[in-house]
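Working through the structure, step by step
One letter stands for each residue in the lines below.
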Amino acid sequence: MQLPSAYSNGHSNGVNGANGHKVQHALLSSNSNSDEVLDLLCVGFGPASLAIAIALHDAESNLSLSPSVLFMEKQPQFAWHAGMQLPGAKMQISFLKDLATPRDPQSHFTFINYLHKKNRLNHFINLSTFLPSRLEYEDYLKWCAGHFERQGKVAYGMEVQSVFVNSRDSSGKVTSFSVTASDSRGNTITRNARNVVIAVGGRPVVPQNLQSLKHVAHSSQFASTISSIQERETMLGREKKLKFAVLGSGQSAAEIFNDLSERFPEAQIRLVIKGKSLRPSDDSPFVNEIFDPDRVNGIFNQSPTSRAAALALDRGTNYGVVRLTLLEHLYEKFYHQRLLNPDESSWRCQIIPNRAVLSASQSSNSSILMKLGAVEKDGSDVEEMEADYVFTATGYVRNAHEGMLGEVRELLPEQSGKFEVTRDYRIRFGEGKVAEEAGIWLQGCNEGTHGLSDTLLSILAVRGGELVQNMFGNESATASPLLSSAASSS
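What counts as what
Residues numbered from 1 in each chain as written. Predicted model: local features only at pLDDT ≥ 70, side-chain atom pairs only at ≥ 80, totals over all residues. Heavy atoms only, no water. 1 Å grid on protein atoms, 1.4 Å probe; cavity = no way out; pocket = protein on both sides within 12 Å on 5 of 7 lines; lining within 4 Å. Points joined across faces, edges and corners; volume = space filled by probe spheres on them. Nonpolar A, V, L, I, M, F, W, Y, C, P; charged D, E, K, R; others polar. pLDDT = per-residue confidence, 0-100. Contact = heavy atoms within 4.5 Å. Buried < 20%, exposed > 50% of the residue type's maximum accessible area, 1.4 Å probe, protein only. Helix = DSSP H or I, 4+ residues; strand = E, 2+ residues; numbered from the N terminus. Pairing = 2+ DSSP bridges. Core = buried A, V, L, I, M, F, W, Y, C linked by side-chain atoms within 4.5 Å. Right-handed = clockwise from strand over helix to strand, strands pointing away. Patch = residues over 30% accessible without salt bridge, like charges linked within 9 Å, V, L, I, M, F, W, Y side chains within 5 Å. Areas by Shrake-Rupley, 256 points an atom, 1.4 Å probe, with all protein chains shown as cover. Salt bridge = Lys/Arg side-chain N within 4 Å of Asp/Glu carboxyl O. Phe/Tyr/Trp six-rings, centres within 6.5 Å; stacked < 30°, edge-to-face > 60°. Lys NZ or Arg CZ within 6 Å of the ring centre and 35° of its normal. Axes fitted to C-alpha atoms, helices over the stretch in contact; angles between N-to-C directions.

What follows deals with empty space enclosed by the protein. According to the stated counting rule, one finds 3 cavities of 30 Å³ or more in the structure shown. If you add up the space inside the largest cavity, you get close to 60 Å³. Forming the walls of the largest cavity are I198, V200, G201, R398, N399, A400, H401, Q443, G444 and C445. In terms of residue class, the lining of the largest cavity is made up of 4 nonpolar, 5 polar and 1 charged. For the second largest cavity, the calculated volume is near 40 Å³.

Okay, here's the thing in structure tokens:
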């Protein structure tokens with residue numbers, strides 16, 4: 001049995017929205033393309049685009065005209081980290097850093113108003129926590145998304161292929177772009193827009209020496225994959241104890257390691273990490289200011305050398321680290337094993353430190369045979385490990401926009417070749433090549449210029465307001481608190 005690919009988008013032919021109703025858009029009939037030029041087309045409808053939709057909704061009463069907007073999303077319905085919806089998993093940031101509160105606490109789309117509308121506000125207050133479950137936060141995001149689905153602004157099952165020039169003015173400047181996508185039936189859809197936002201998230205990374213093997217999956221596919229494994233093992237009726245390996249040292253790896261140890265109480269679980277031990281994330285108040293929206297200006301204005309050094313120093317707040325509560329929980333498990341048996345080599349659950357996978361192959365019985373070597377030379381020999389199933393919590397690469405934008409590369413400045421962005425997230429095209437009222441904007445792939453918060457939820461509310469201001473601020477009919485505040489932070 002081949003487990004779901006880490007690169008699978010999980011598409012189906014359904015077009016049900018987050019609340020179960022059919023989602024359609026008047027401009028998306030599969031048998032024709034529209035010549036209408038939208039004001040904004042967003043590629044992807046995850047939290048980043050949803051924050052833009054909310055900011056635009058909150059600002060519309062102050063705009064002379066309501067912009068025409070369409071969101072294209074490749075998933076068949078709204079979902080957020082569906083593969084890591086594990087029992088009991090909590091958010092790692094305060095609910096106050098939702099998609100609206102930091103920009104406008106009076107917005108309809110705050111997490112508190114969501115709780116109020118769901119008749120759970122007082123019950124949530126009784127929990128005395130700033131950290132809701134990951135499941136509840138996804139439900140909040142779906143609740144927000146449902147508003148725009150009902151307005152017909154979201155098209156699911158649309159996998160965008162490319163962006164290219166649609167129109168130019170008399171001086172040759174580009175005034176709009178065309179976006180082509182494949183729908184769930186394989187039809188090609190083309191839509192035009194003055195402004196295009198690409199916010200497609202990261203693409204899972206599986207180590208190259210494991211990519212072609214069966215029974216290997218990325219952490220982003222864990223929830224669906226583990227269900228398939230349970231069904232498969234039940235069907236086979238095997239009596240042997242399963243062997244699992246988890247690769248990675250961050251929060252996702254630790255959560256999967258913990259989940260497997262509880263879900264399969266007889267199985268052998270190995271967590272392979274490159275460092276010498278698991279390390280805690282630093283979410284202390286002063287360190288958390290790294291993710292404040294008003295820090296972006298300072299980060300962007302640093303020299304490339306200073307910025308790279310600062311980012312390397314701050315990576316310990318977000319990469320390859322685990323929340324302290326989970327570390328303490330895991331340590332208790334290890335202590336209990338030690339209590340029952342002081343021989344660590346016989347423990348059911350083990351952490352294998354200072355190791356990396358040198359090579360991997362498939363055995364005749366479909367298990368994975370891995371050779372592990374020391375990351376920092378410690379005199380140990382190469383060791384072998386066999387696992388029935390391997391999960392890789394090995395991060396994401398955020399370069400999907402490069403493939404989509406191949407047709408507009410000619411608009412980049414000469415001798416550049418890179419899709420660099422300005423402070424307001426707009427791609428820096430060559431001077432005089434794109435009209436001021438048009439542009440392509442990148443979201444979630446600008447960590448190198450805008451800081452660690454670029455890929456996180458913390459900044460989305462304010463950043464969404466900034467983009468609305470930069471695209472449509474000049475069209476405001478009256479002074480708007482949203483547009484004014486966004487302008488002052490740009």
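The subject of this paragraph is the confidence of the model for the protein chain. Looking at the protein chain as a whole, the pLDDT averages 89, with 89% of positions reaching at least 70. Predicted confidence for residues 1–27 stays below pLDDT 50, and this span has 73 contacts to residues more than four positions away or in other chains. When the criterion is pLDDT under 50, residues 477–490 qualifies, and its contacts beyond four places in sequence or with other chains add up to 29 contacts.

Let us look at the pairing of strand β15 (residues 389–392). Here β15 shows two buried faces, one formed by Y389 and F391 and the other by V390 and T392. Sheet topology places strand β8 (residues 216–218) next to β15; 3 bridges connect them, and they run parallel. The residue bridging V216 from the neighbouring strand is V390, located in β15. Both strand β9 (residues 243–247) and β15 contribute to a ladder of 4 bridges, which runs parallel. Each bridged residue has a counterpart across the sheet, and for F244 the counterpart in β15 is Y389.

This paragraph deals with the nonpolar core. One recurring pattern in soluble globular proteins: nonpolar side chains tend to sit buried together. Counting residues in hydrophobic clusters, the biggest one holds 48 residues, and the most contacted among them are F45, L50, Y140 and V197. When residues of this core are traced back to their parent elements, those giving at least two are β1 (37–43), α1 (47–59), β2 (69–73), α2 (111–117), α4 (134–150), β3 (154–156) and α13 (460–472). Top contributing element to this core by residue count: α1, with 9 residues. Once you skip the residues sitting within four places of it in the chain, V197 turns out to touch L40, L41, C42, V43, I52, W441, Q443, L467 and M471.

Taking burial as the measure, the 5 residues of β2 include 5 buried ones, the bulk of the element. What you see with β2 is no split at all: V69, F71 and E73 on one side and L70 and M72 on the other are buried throughout. For β1 and β2, the ladder comprises 4 bridges, and the chain directions are parallel. Counted as the bridge partner of C42 is F71 from β2. Between the parallel pair β1 and β2, the chain is carried across by α1, and the sense of this crossover is right-handed. Pairing analysis gives 3 bridges linking β2 to β3, with the strands arranged parallel. Bridging across to β3, M72 finds its partner in A155.

The subject of this paragraph is a nonpolar patch on the surface. A cluster of nonpolar side chains, contributed by Y331, Y335, L339 and L340, occupies part of the molecular surface with about 560 Å² of accessible area. Relative to the elements of secondary structure, Y331 occurs in helix α10 (residues 324–340).

Now for the packing of aromatic side chains. Using the criterion set out here, one finds 23 aromatic pairs in the structure. With 5.6 Å between their ring centres and 70 degrees between their planes, F111 and F124 make a pair best called edge-to-face. Of this pair, F111 sits in helix α2 while F124 sits in helix α3 (residues 121–127), and the two are 13 residues apart along the sequence. We classify F124 as buried; its relative accessible area is 7%. Within the aromatic cluster, the residues linked to one another by ring pairs are W80, F95, F109, F111, Y114, F124, F130, Y137, Y140, W143 and F148. Here R315 stacks its cationic end above the ring of Y319, 4.1 Å away from the centre of that ring. Above the plane of the ring of Y425 lies R463, whose end atom (NZ or CZ) is 5.5 Å from the centre.

Here the focus is the sheet that holds strand β12 (residues 355–362). Spatially, β12-β13-β14 is the arrangement adopted by the 3 strands of the open sheet, whose pairing is antiparallel. A single partner strand is all that each edge strand has here, and the edge strands are β12 and β14 (383–387). Here the average twist between neighbouring strands, direction ignored, is 30 degrees. Note: β12 against strand β13 (residues 368–374), 7 bridges, orientation antiparallel. Paired with S359 across the strands is K371, a residue of β13.

One open sheet accounts for 5 strands, arranged β8-β15-β9-β10-β11; its pairing is parallel. Among the strands making up the open sheet, the edge pair consists of β8 and β11 (349–352). With strand direction ignored, the average angle separating the axes of adjacent strands in the sheet is 20 degrees. Here strand β10 (residues 268–272) pairs with β11 via 4 bridges, running parallel. The residue of β11 that forms the bridge with V272 is I352. Across the face of the sheet, helix α5 (residues 222–236) comes into contact with β8, β9 and β15 while running at roughly 175 degrees to β15.

Bringing the pattern of salt bridges into the picture now. Enumeration over the complete set of coordinates arrives at 17 salt bridges. With its nearest N and O atoms 2.8 Å apart, the salt bridge here joins R134 to E255. On the criterion of sequence distance, the pair formed by R134 in helix α4 and E255 in helix α6 (residues 251–263) is long-range, its members being 121 residues apart. With a relative accessible area of 9%, E255 lands in the buried category.

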